[in-house]
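What the coordinates show
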Amino acid sequence: MNNGNLRSMSAQLPLGTDPLSVRLRIEALERMLEGMIRVPVLGRKVGLDALLGLVPVAGDALAAVLGLYIVWEGRNLGMSRWQLWRMATNVGVDTLIGAVPLAGDLFDFLYRSNTRNLKIIKRHLDRHHPSTTVLPG
C-alpha cells in the first residue's frame, strides 16, 4: 500500500487554532472518548473513557488528562470562567466517582462528562462563532 492510500485512509484532524478547527478536533476527541464502540446487547456506545476506567488509577488519570484537554481548548476559545469551571467540574466528578471500583465503571458509562463538555463548547461556538456550525451529514 503506498503512502497516498494510507493518508486517505487516516482521519485528518485540523491543527489550526481557528474556531472551526477546534470544533472539529473536540468533536473527534469526544467521539473517541465516549462513543467509539457499540455494545450490542445494550445498544449503547462506549469509548476510551469507559475502557480506561477499567485500569485502576492510571486509566482514570489518563482519561482525566484527555478530558482536561477539552477544557483547555475551551479556554483557548475565550470561554467564560463560569463555563470553564463547569467543564472542569464535569471532568473532576467523572474522575473522582469513576475511580471507585465497579460502581465507578458504571458511572463512567452513564455520566459522559466529555459529551457534557462538548455541549457547553458547542453552545459557545454557536453563539460566538456561528460560521463553525457543521451540518450533520
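Whatever comes next refers back to the structure up there.
What comes next is a walk through the structure. (Residues numbered from 1 in each chain as written. Predicted model: local features only at pLDDT ≥ 70, side-chain atom pairs only at ≥ 80, totals over all residues. Heavy atoms only, no water.)

What about helix α2 (residues 19-34)?
Taking 1.5 Å per residue as the helical rise, α2 with its 16 residues ought to reach 22 Å, and the 22 Å between its terminal C-alpha atoms agrees with that figure. Turning to α2, its buried residues number three or more, namely S21, V22, R23, R25, I26, E27, A28, L29, E30, L33 and E34. (Helix = DSSP H or I, 4+ residues; strand = E, 2+ residues; numbered from the N terminus. Expected span 1.5 Å × (residues − 1). Buried < 20%, exposed > 50% of the residue type's maximum accessible area, 1.4 Å probe, protein only.)

Examining the nonpolar core
In terms of nonpolar packing, the biggest core is built from 16 residues, with I26, I70, V71, L77, M79, M87 and I121 touching the most fellow members. Residues within four places of I70 in sequence aside, it is in contact with I26, L29, L33, M87, N114, N117 and I121. (Core = buried A, V, L, I, M, F, W, Y, C linked by side-chain atoms within 4.5 Å. Contact = heavy atoms within 4.5 Å.)

A few points about a positive patch on the surface
The grouping of R86, R116, K119, R123 and R127 at the surface amounts to a positive patch. Considering each element in turn, the positive patch owes the most residues, four residues, to helix α7 (residues 113-128). In this structure, R116 sits in helix α7. Relative accessible area serves as the criterion here: at 39%, R116 is assigned to the partly exposed category. (Patch = residues over 30% accessible without salt bridge, like charges linked within 9 Å, V, L, I, M, F, W, Y side chains within 5 Å. Areas by Shrake-Rupley, 256 points an atom, 1.4 Å probe, with all protein chains shown as cover. Salt bridge = Lys/Arg side-chain N within 4 Å of Asp/Glu carboxyl O. Lys, Arg positive; Asp, Glu negative; His and termini not counted. Charge placed at Lys NZ, Arg CZ, Asp CG, Glu CD.)

Some remarks on the packing of helix α5 (residues 81-98) against helix α6 (residues 103-111)
With their axes 8 Å apart at the nearest point, α5 and α6 run at an angle of 150 degrees to one another. Judged on the interaxial angle alone, α6 and α5 are roughly antiparallel. Taken together, the residues of α6 that come into contact with α5 (itself represented by N90, V93, D94, I97 and G98) are G104, D105, F107, D108 and Y111. A breakdown of the residues in the contact of α5 with α6 according to their chemical character gives four nonpolar, three polar and three charged. (Axes fitted to C-alpha atoms, helices over the stretch in contact; angles between N-to-C directions. Parallel < 35°, antiparallel > 145°, perpendicular 65-115°, else oblique. Nonpolar A, V, L, I, M, F, W, Y, C, P; charged D, E, K, R; others polar.)

Considerations on the packing of aromatic side chains
In the structure shown here, the tally under the stated rule is two aromatic pairs. Between Y69 and W72, the ring centres sit 5.8 Å apart and the planes meet at 35 degrees, which makes this aromatic pair tilted. Pair noted here: Y69 and W72 are both in helix α4 (residues 58-76), with a separation of three residues, about one helical turn. Taking the relative accessible area as the measure of exposure, W72 reaches 45% and is therefore partly exposed. (Phe/Tyr/Trp six-rings, centres within 6.5 Å; stacked < 30°, edge-to-face > 60°.)

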